[in-house]
Amino acid sequence: MEYGTIPKSKQVANAANMADYAAVYDSFSWNDARKLINGLPGGRLNIAHEAIERHVLAGHGPQVALRWISKSGTRTVFTYQELSDLTNRFANVLRDQGLEKGARVYALLGRTPELYIAALGTLKAGCVFCPLFSAFGPEPIRARMEIGGANALITTARLYKRKVSALRDALPDLRSVFLTDGDAANTKRLSTLMDATSDRFATEAMDPEDTALLHFTSGTTGKPKGVVHVHDAVVAHHITGRFALDLRPGDTYWCTADPGWVTGTSYGIIAPLTNRVTMIVDEAEFDVARWYDILDQEAVNVWYTAPTAIRMLMKAGENAHKGHDFTSLRFMASVGEPLNPEAVIWGNSAFGMPFHDNWWQTETGGIMIANFAAMPVKPGSMGKPLPGIKAGIVATSDDGLRQLTEPRAIGELALRPGWPSMMRGYLHETARYDKCFRDGWYLSGDLAMRDSDGYYWFVGRSNDLIKSAGHLIGPFEVESALMEHPAVAEVAVIGVPDETAGERVKAFVALKPGIEPTDQLLLELLGHARTRLGPAVAPKEMVFRTNLPKTRSGKIMRRLLKARELGLPEGDISTLESDEQ
Amino acid sequence: MTDQDIETALTQELHRIAPDISLDDIDPAQDLRDEFDIDSMDFLNLVTALGKRFNLDMPETDYPEMRSFNALAAYLRTQAA
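Numbers given for residues are sequential positions, taken from 1 along each chain in its written order. Chain A is the first chain written and ligand 1 is the first ligand written, with later ones labelled in order. A pLDDT threshold of at least 70 governs which residues receive local features in this predicted model, and a stricter bar of 80 or more applies before side-chain atom pairs are shown or counted, although totals over entire chains, interfaces and linings include all residues. Hydrogens are left out, water is left out, and the side-chain values use all remaining heavy atoms of the structure.

1. So, the sheet that holds strand E26 (residues 488–498) of chain A
Note on sheets: strands pair through backbone hydrogen bonds, and any given pair is parallel or antiparallel. Residues and elements named next belong to chain A. One open sheet holds the 3 strands; their spatial order is E26-E27-E28, and the pairing between them is mixed. Strands at the two margins of the open sheet, each flanked by one partner only, are E26 and strand E28 (541–545). The sheet shows a mean angle of 25° between the axes of neighbouring strands, taken without regard to direction. The contact criterion used throughout is that any non-hydrogen atoms of two residues lie within 4.5 Å. To get an axis, a line is fitted to the C-alpha atoms, and for a helix only the part in contact is used. The angle between two axes follows their N-to-C directions and goes from 0 to 180 degrees. To qualify as a helix, a DSSP run of H or I must reach at least 4 residues; to qualify as a strand, a run of E must reach at least 2; elements of each kind are numbered from the N terminus. On top of the sheet, helix H18 (residues 519–533) reaches E26, strand E27 (502–511) and E28; it is set at about 130° to E28, its chief contact. Two strands qualify as a pair provided that DSSP identifies no fewer than 2 bridges between them.

Next comes the structure, spelled out in structure tokens:
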């Protein structure tokens, strides 16, 4: 079914930060974008300076930077001045504890103020910040801390006891653990250290190419990849926040993403603050009534959320949003996975404006392709490349890379490298990093097409990665955890369609000879996976098989399991040696 | 249906979603999702399973009344009565 284009009125278009996309795209240069940040003397800069200090210096200290809503509904506000003082204290704590420039500081926290203070204080101190999603289990946590060589961790007493304390011996680089509440052996209480130190700190003047952030993303095979981003990325965070999210100083802005994922850092901490907005942060998980209340009562102007949440709001029906006042809302955007056209159109009827889908990845550091405020929306499309971004649809073969220029040709979505927030590497994994590039293009791993108007459309993934509730999950990580169980002989993990979450993780498990496939064992394996991986990564569905389909070389054919699950053609099965039973 | 029946049913359904967490290890008055380490999708699956089992409509607008184990048990007692 074709969905009609949603037009934008002249009034809406003219009011947007970028009123004329074509003209801005043609004249854009990253050097001009760089002028929108202040930098530090001698060609140096620091993300935290752009996010906080420059606003305080310009007299905006009293503006609210962060309005935090606790699970119980209590509101706490932090002005830019307060955020400056608290992040100074945090940077001093790092120094007091012997953590020097370049040290890796990890956070394993829910969305509490300490998370935001830790992120920005770490950057101020010239340390590398790495956020971990608090719903990770011990195994993903251990892998990510080991690969990144974590030197310090900020977490809660509860998360520490449940997920980290047993890992301490396996993490020799981890020198300090700071708890935001409670106490435990071999840890220090953050508030005590914060109170005892100064609220003055000279922000480290960093080389633009110094590492600032480490984000982990899943691979199809092997360990998770540590994606390296540098301080210069702030140039892209700032301008993309302005163009793709239409952020303006003084806006009230709500990014619902958790900073454990890249969206929650690039657009849940950095871009909003560099653009001097007031951020809303809600500690609680998704809840229909609560979310409508926040949009209404906090008078949110710009809202950046995800397809899973939008679909749950749709499902809750009209009564749930009736009686709410959304007149403050000016712009709504979505990211994480392609937003289905029905949801874009639902936004238009429920809020009087469509959701603006956009596309990017942990590797790109910032939004690359987007539906813009002044541009008509084609429901289901990811939009057009940001100014400064050259995108293409390409086909690769042994002969090299070829651009597909005819409209609607399906190929891999590729980008010309060179924007400031592009990753600078996968930590300790040069070969995997090099594999992302071909003939001067960065290959995204996503299949897409471009229509005759220049809009891009997502088609599918070119690999086995699973996208569940907007989070990328590597099947190998899940399979490895299940293989550790003594009853398991082999396992394959795929993503199966889920009407709310996009995909959910499903595991096919073959047991060792002589072991009975009982319901009790199924639950035991599920519990094992949850204990190792946490609820965000563990399978939601598990089935037993006597045998899994394999190639002659013994490689399990996830692709075939998925085709069968979806009722699709099985494709080329010439390499199939041993079939599913 | 007795209160005991309801608690047993709730415990069984939770066990299918979070078999690694025992009722003895959690605080039934605290946040259910935190205590059982379940995410939004797990919670939806739990509500769907309970709705089926008790033949109840459990709309999203009632979710605030299901925030802890005790609250959810109380909700089921009222609705299934």
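2. A few points about empty space enclosed by the protein
Buried and open spaces are told apart on a 1 Å grid over the protein atoms alone, a cavity being a set of points where a 1.4 Å probe fits but cannot get out and a pocket being an open set with protein on both sides within 12 Å along at least five of seven lines. Residues with an atom within 4 Å of a point are the lining residues. Grid points are joined across faces, edges and corners, and a volume is the space filled by probe spheres set on the points. Under the counting rule described, the total for this entry stands at 2 cavities of 30 Å³ or more. Estimates place the volume of the largest cavity at around 60 Å³. As for the largest cavity, its lining consists of Phe286(A), Asp287(A), Met312(A), Arg33(B), Ser40(B), Phe43(B), Leu44(B) and Tyr63(B). Here the lining of the largest cavity takes 3 residues from helix H3 (residues 40–54) of chain B, the largest share from any one element. Computed from the structure, the second largest cavity encloses a volume of approximately 50 Å³. The wall of the second largest cavity is formed by Arg111(A), Tyr116(A), Tyr253(A), Cys255(A), Ala257(A), Gly268(A), Met279(A), Ile280(A) and Val281(A). Going through the elements one at a time, strand E10 (252–255) and strand E11 (278–282) of chain A are the ones with two or more residues in the lining of the second largest cavity. For the lining of the second largest cavity, the element with the most residues is E11(A), which contributes 3 residues. Partitioned by chemical class, the residues of the lining of the second largest cavity number 7 nonpolar, 1 polar and 1 charged. Residues are grouped as follows: nonpolar covers Ala, Val, Leu, Ile, Met, Phe, Trp, Tyr, Cys and Pro; charged covers Asp, Glu, Lys and Arg; every other residue, Gly included, is treated as polar.

3. Comments concerning the interface of chain A and chain B
Counting from both sides, the interface comprises 26 residues of chain A and, opposite them, 23 residues of chain B. What makes a salt bridge here is a side-chain nitrogen of Lys or Arg within 4 Å of a carboxyl oxygen of Asp or Glu, nothing more. Taken together, the links from chain A to chain B amount to 8 salt bridges. Across the pair Arg67(B) and Asp287(A) runs a salt bridge whose closest N-O atoms are separated by 3.7 Å. Two N or O atoms form a polar contact when they lie within 3.5 Å of each other; inside protein one atom must be a possible hydrogen donor and the other a possible acceptor, and for residues adjacent in sequence the pair counts only when both atoms belong to side chains. Scanning the region where chain A abuts chain B turns up 12 residue pairs in polar contact (both at pLDDT 80 or more). Sorting the residues of the side of chain A that touches chain B by element identifies helix H8 (157–164), helix H13 (307–316), E27 and H18 of chain A as the ones contributing at least two each. Per-element tally for the side of chain A that touches chain B: the top contributor is H18(A), with 6 residues.

4. Focus on the layout of surface pockets
Here the second largest pocket defines a volume of roughly 360 Å³. Forming the boundary of the second largest pocket are 16 residues, of which Leu526(A), Lys540(A), Glu541(A), Arg16(B) and Ile17(B) lie nearest the centre. Of the residues forming the lining of the second largest pocket, the biggest block, 4 residues, is contributed by H18(A). Taken together, the residues of the lining of the second largest pocket sort by class into 9 nonpolar, 1 polar and 6 charged.

5. Some thoughts on the environment of Met423(A)
All names here are of chain A. Turning to its location among the elements, Met 423 is positioned in the loop between strand E19 (411–415) and strand E20 (425–426). Along the chain, Met 423 and Val 491 lie 68 residues apart, while their C-alpha atoms are 32 Å from each other. Excluding residues that lie within four positions of it along the chain, Met 423 makes contacts with Val 227, Val 228, His 229, Glu 363, Tyr 433, Cys 436 and Tyr 442.

6. Things to note about the packing of aromatic side chains
Pairing of aromatic side chains requires ring centres within 6.5 Å, counting the rings of Phe and Tyr and the six-membered ring of Trp. Pairs whose planes differ by under 30 degrees are stacked, by over 60 edge-to-face, and all others tilted. Scanning the entire structure with this criterion turns up 26 aromatic pairs over all chains. Taken together, the ring pairs in this structure connect Trp254(A), Phe286(A), Trp291(A), Tyr292(A), Trp303(A), Phe326(A), Trp346(A), Phe351(A) and Phe355(A) into an aromatic cluster. Here, a charge over a ring is recorded when the distance from Lys NZ or Arg CZ to the ring centre is within 6 Å and its angle to the ring normal is within 35 degrees. If you follow Arg144(A) out to its NZ or CZ, it ends over the ring of Phe136(A), 4.6 Å from the centre. Arg33(B) extends its terminal NZ or CZ atom over the ring of Phe43(B), reaching a point 4.6 Å from the ring centre.

7. Side note on the domain arrangement of chain A
Interface size is commonly expressed as the accessible area that is lost once the parts come together. Residues and elements named next belong to chain A. In this entry, domain limits derive from an automatic or database-based domain assignment. On domain assignment, one finds that chain A holds domain 1 (10–388) and domain 2 (466–578). Distance from the C-alpha centre of domain 1 to the C-alpha centre of domain 2: 32 Å. Each side of the interface is counted separately: domain 1 has 22 residues, and domain 2 has 22 residues. Summed over both partners, buried area is the accessible surface (1.4 Å probe) that two parts give up on being assembled. Buried area between domain 1 and domain 2, summed over both chains or domains, comes out near 1800 Å², and the portion from carbon and sulfur atoms is 56%. The largest share of the area that domain 1 buries against domain 2 comes from Glu 139, Ser 218 and Trp 261, three residues that together contribute 24% of it. Put simply, domain 1 and domain 2 have 2 salt bridges between them. Between Arg 144 and Glu 477 there is a salt bridge; the shortest N-O distance is 2.7 Å. Here domain 1 is connected to domain 2 by 10 residue pairs in polar contact (both at pLDDT 80 or more). Residue assignment for the side of domain 1 that touches domain 2 shows that the elements contributing at least two residues are helix H7 (138–148) and H13.

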